[in-house]
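# Notes for the structure review
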Amino acid sequence: MVELDNGAIKSASGTIQTKSIDTGVAQRDADLRSANFFDVQKYPTITFQSKRVEKKGDQILLIGDYTMHGVTKELSLPVTLSGPIKDPWGNSRIGLETKAKVNRKDYGMMYNKVLEAGGLMVGDEVEIDINAEAVKTGSPARRGRDFSTPQPQPCDPAASIALLPAADRSTS
């Protein structure tokens, strides 16, 4: 959900179903969904709820509570807002893009393994890439200022999380 005020972002929130994580490799996906990483049975969602919006020069920062693996921390997201535009069906849509990095260990995700050739299987840094699209909704009292994301699909490509070391990301 994204709320705008005169075209400027006022607030945003989002939820990712952890079971929807899809890297394109079934064995890796099963491991990521297991207790080794996201533990989807115990922690079915990753959430973000904005608390405030700040502007630093031309950059818009969305500051809010990010909860992953049962741990909530404040996270600052640099946001790029696109639109609104009219889609072919007459709906008003906006796009929101952000990237951030967090340390998975800060969220209690400690699993790792030493590889046969040396080095660790998983890096500590997690890159979060969010490319979201929202469609205008709302009651007449709200005057259509709210935008909500379309109904999530079982495998939502709008948000992705990479747990691979930077050198390995090109193969995922």
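Every chain is numbered independently, its residues counted from 1 as its sequence is written. Side-chain atom pairs in this predicted model are given and counted only at pLDDT of 80 or more, local residue features only at pLDDT of at least 70, and totals for whole chains, interfaces and linings cover all residues. Excluded from the side-chain calculations are hydrogens and water; all other atoms, namely the structure's heavy atoms, are used.

## A few points about the overall build of the chain
- Numbering goes from the N terminus for both helices and strands, where a helix is a DSSP run of H or I of at least four residues and a strand is a run of E of at least two. Regarding its fold elements, the chain presents one helix and nine strands.
- Overall, the chain shows an N-to-C arrangement of helices and strands of β-β-α-β-β-β-β-β-β-β.
- Considering only contacts in the chain between residues 6 or more positions apart, those separated by 24 or more positions represent 48%.
- Computed by Shrake-Rupley with a 1.4 Å probe, the accessible areas treat only the displayed protein chains as cover when residues are assessed. Summing over all exposed atoms, the chain offers an accessible surface of approximately 10,300 Å²; the carbon and sulfur share of this is 51%. When checking whether two residues touch, look at their non-hydrogen atoms; a contact exists if any pair is within 4.5 Å.

## Considerations on the side chain of aspartate 87
- Note on placement: aspartate 87 falls in the loop between β5 (71-86) and β6 (92-103).
- A distance of 2.8 Å separates a polar side-chain atom of aspartate 87 from the backbone nitrogen of tryptophan 89.
- A polar contact is formed between the side chain of aspartate 87 and the backbone nitrogen of glycine 90, at a distance of 3.0 Å. For the purposes of these results, a polar contact is taken to be a pair of N or O atoms within 3.5 Å, where, inside protein, one atom must be able to donate a hydrogen and its partner to accept one; residues adjacent in sequence count only when each atom of the pair is a side-chain atom.

## Re the packing of aromatic side chains
- Between 30 and 60 degrees the pair is tilted, below 30 it is stacked and above 60 it is edge-to-face, where a pair is any two Phe, Tyr or Trp rings, Trp via its six-membered ring, whose centres lie within 6.5 Å. Overall, the coordinates contain two aromatic pairs when judged by the stated rule.
- Between phenylalanine 37 and tyrosine 111, the aromatic rings sit 5.4 Å apart at their centres with planes inclined by 80°, giving edge-to-face as the arrangement. One end of the pair, phenylalanine 37, is in the loop between α1 (26-33) and β3 (45-56); the other, tyrosine 111, is in the loop between β6 and β7 (125-137), and 74 residues separate them in sequence.
- Taking the relative accessible area as the measure of exposure, tyrosine 111 reaches 26% and is therefore partly exposed.
- Residues tyrosine 66 and tyrosine 107 carry aromatic rings whose centres are separated by 5.6 Å and whose planes lie at 85° to one another, so their mutual orientation is edge-to-face. Placement of tyrosine 66 in strand β4 (residues 59-68) and of tyrosine 107 in the loop between β6 and β7 is noted, with a sequence separation of 41 residues between them. The burial state of tyrosine 66 is the same as that of tyrosine 107; both residues are buried. A simple rule labels every residue: compare its accessible area, found with a 1.4 Å probe on the protein chains alone, to the largest value its type can have, and call it buried under 20%, exposed over 50%, or partly exposed in between.

## Re the pattern of salt bridges
- Basic side-chain nitrogens of Lys or Arg form a salt bridge, by our definition, when they fall within 4 Å of a carboxyl oxygen of Asp or Glu. One pass over the structure, following the stated rule, counts ten salt bridges.
- Measuring nitrogen to oxygen at the nearest pair gives 3.8 Å for the salt bridge that ties glutamate 3 to lysine 10.
- Classification of glutamate 3 by relative accessible area gives buried; the value is 13%.
- Judged by relative accessible area, which is 44%, lysine 10 ranks as partly exposed.
- Between lysine 51 and glutamate 74 there is a salt bridge, with its nearest N and O atoms 2.8 Å apart. Here lysine 51, found in strand β3, pairs with glutamate 74, found in strand β5; they are 23 residues apart in sequence, far enough to count as distant.
- For lysine 51, a relative accessible area of 46% translates into the label partly exposed.

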